[in-house]
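# Chains, contacts and geometry: an overview
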Amino acid sequence: MSARGVAILGSTGSIGCNTFRVLEALGPEKFRVVALAAGRNVRVLVEQIARHQPDLVSVENEGVREQLKAELIARNCSVPLIVTGENGLVDVATHPEADCLVSATVGAVGFVPTLRALEAGKRVALANKETLVMAGELMTRAAEKSGAEILPVDSEHNALHQCLRGETVSEVRRIILTASGGPFRTRDKAAIQSATVAEALQHPTWNMGAKITIDSATLMNKGLEVIEAHWLFGFGPDEISIVVHPESIVHSMIEMIDGSVIAQMGITDMRHAIQYALTYPDRYDSELAPLDLARLSSLHFEEPDLERFPCISLAYRALRTGGTLPAAMNAANEEAVQAFIDEQVSFADIPQIIKTVMDEHRTSDVKDLAGVLDADRSARVLAQSVIAQLSEQRRVTGAA
């Protein structure tokens, strides 16, 4: 059998780089990289192109395109077709020789390209949870129509996919997402609210990008995963639970109607989930060391504190309301997190910004792509207005 073609959105990020490690371990006889999309990290992208020689590459803009081309020529590397912008992302996602798309961009930028890949019948190894949060109805509808597969790369949803494999859904009482608790799991509310950016970026178990790490600190990451789990597996909000598990060894669980609990366990390395999504339904040897159960001293589980981490409740509210509210919530969160990283607002402001946007958003049914994108845009405008007010208040207070 010939090698299967792989396209990667977000090739220079954490998931993208780990995808290359998985592909190289599996060998070129199984998979071939045919298209890549990255933003502006030319240094890493040049190495990826030189090593894997894709047919097509997409970058953020013309300036990055010219820089990349010059770097490749200077290294005597063959120059692939280089495209730019959102159209370039779509070209990568729908490359005719790509059997599988690894969707690993962060935030809403991956939404349209992923939808187009599903419409084209591609298998999507999905690491961009915002895609399903914004418009899970559109995504799942597109997959059903074209016969495309969505294989989750998030460790929690990948674990649920494995736990549910072969089970009868009607015999499952609930699915249980595990959360590390982030860097503020043991801090009191006052200490959490005054947290700095540096503190919020110190995740205890996973090495991720800044946005996802901040989401893990607020536990919005888990809220987004609740919505994602609904669309991936069809369970309602009352059938999706969260449990804090600081060791991050049990990646998620399902509880059967007879009380049995089935868990997926493994070391904290995203390559497990990436390889599973690429090779499903087959399994291959992995270069990773297996989990050493004898060395585990103990595993702890606790309920999430909704008072200290209000973003969880906001996500459940968005899921229960449905329509365009999850898209608005996601947009507000992205804007709030970036404002916090830029030190325009405090950590405590993040859930407040999201709540304000959700309270003022006029929710409508998800009918088409335009409606989702409109909800996203309007929520961002409102979030930016709230951020500006909070930033001004902070400046005046600081000056006083």
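Before reading further, recall that the structure is shown in the block above.
Residues numbered from 1 in each chain as written. Predicted model: local features only at pLDDT ≥ 70, side-chain atom pairs only at ≥ 80, totals over all residues. Heavy atoms only, no water.

## A look at the side chain of Lys-211
Position of Lys-211 relative to the elements: it lies in helix α10 (residues 210-218). When its relative accessible area of 13% is taken as the criterion, Lys-211 is described as buried. Reaching out from Lys-211, the side chain makes a polar contact with the side chain of Asp-215 at a distance of 2.6 Å. In this structure Lys-211 touches Val-106, Glu-130, Leu-224, Asn-333, Glu-334 and Val-337, once residues within four positions along its chain are discounted. (Helix = DSSP H or I, 4+ residues; strand = E, 2+ residues; numbered from the N terminus. Buried < 20%, exposed > 50% of the residue type's maximum accessible area, 1.4 Å probe, protein only. Polar contact = N/O pair within 3.5 Å; in protein donor to acceptor, adjacent residues only side chain to side chain. Contact = heavy atoms within 4.5 Å.)

## Side note on the pairing of strand β10 (residues 250-256)
On a regular strand, one side chain projects to one face of the sheet and the next to the other, so that they alternate. The buried fraction of β10 amounts to 7 of the 7 residues, a majority that puts the element mostly inside the structure. Bridging between β10 and strand β11 (residues 261-265) involves 5 bridges; their strand directions are antiparallel. Within β11, the residue paired with Met-253 across the bridge is Ala-263. Where β10 hands over to β11, the hairpin turn is made up of 4 residues, of which Gly-259 adopts a positive phi near 95°. (Pairing = 2+ DSSP bridges.)

## A short note on the pairing of strand β3 (residues 56-59)
Along β3, one buried face is formed by Leu-56 and Ser-58 and the opposite face, lined by Val-57 and Val-59, is buried too. In the sheet, strand β2 (residues 31-37) pairs with β3 via 3 bridges, with the strands oriented parallel. The residue bridging Leu-36 from the neighbouring strand is Val-57, located in β3. Strand direction decides the pairing type here: β3 and strand β4 (residues 81-84), joined by 4 bridges, are parallel. The residue bridging Ser-58 from the neighbouring strand is Val-83, located in β4. Each parallel crossover has a hand, and for β3 linked through helix α3 (residues 62-74) to β4 it is right-handed. (Right-handed = clockwise from strand over helix to strand, strands pointing away.)

## A look at the sheet that holds strand β1 (residues 4-9)
Note: strands within a sheet are paired through backbone hydrogen bonds, in either parallel or antiparallel orientation. Within the open sheet, the 7 strands sit side by side as β4-β3-β2-β1-β5-β6-β7. Their pairing is parallel. Only two strands of the sheet have a single partner each, and these edge strands are β4 and β7 (150-152). On average, adjacent strands in this sheet sit at an angle of 25° to one another, irrespective of strand direction. Where strand β6 (residues 123-126) lies against β7, 3 bridges are found, and the strand directions are parallel. Residue Leu-126 lies in a different strand from β7, and its bridge partner there is Pro-152. Relative to β2, helix α2 (residues 42-52) is tilted by about 150°, and along the sheet it contacts β2 and β3. (Axes fitted to C-alpha atoms, helices over the stretch in contact; angles between N-to-C directions.)

## Describing the pattern of salt bridges
Per the counting criterion, the structure on display carries 30 salt bridges. Ionic pairing is found between Glu-29 and Lys-30, a salt bridge with its closest N-O pair at 3.8 Å. Taking the shortest distance from any N to any O, the salt bridge between Glu-255 and Arg-173 comes out at 2.9 Å. Taken as a pair, Glu-255 in strand β10 and Arg-173 in strand β8 (residues 172-179) lie far apart in primary sequence, 82 residues in all. A single network of salt bridges, built from pairs that share partners, joins Glu-334, Glu-335, Asp-376 and Arg-380. (Salt bridge = Lys/Arg side-chain N within 4 Å of Asp/Glu carboxyl O.)

## Points about the nonpolar core
In terms of nonpolar packing, the biggest core is built from 92 residues, with Phe-111, Ile-175, Met-329, Phe-347 and Ile-354 touching the most fellow members. Of the residues forming this core, the biggest block, 10 residues, is contributed by helix α14 (residues 325-341). Setting aside chain neighbours within four positions, we find Ile-354 in contact with Met-220, Cys-311, Leu-314, Met-329, Ala-332 and Asn-333. (Core = buried A, V, L, I, M, F, W, Y, C linked by side-chain atoms within 4.5 Å.)

## Considerations on the packing of α14 against helix α15 (residues 349-360)
Where α14 contacts α15, the axes come no closer than 9 Å and their chain directions differ by 150°. Here α14 runs over α15; the crossing is right-handed. Contacts between α14 and α15 involve Leu-325, Ala-328, Met-329, Ala-332, Asn-333, Ala-336 and Phe-340 from the first element and Ile-350, Ile-353, Ile-354, Val-357 and Met-358 from the second. Each residue belonging to the contact of α14 with α15 can be placed in one class, and the counts come to 11 nonpolar, 1 polar and no charged. (Left-handed = near helix turned anticlockwise from the far one by under 90°. Nonpolar A, V, L, I, M, F, W, Y, C, P; charged D, E, K, R; others polar.)

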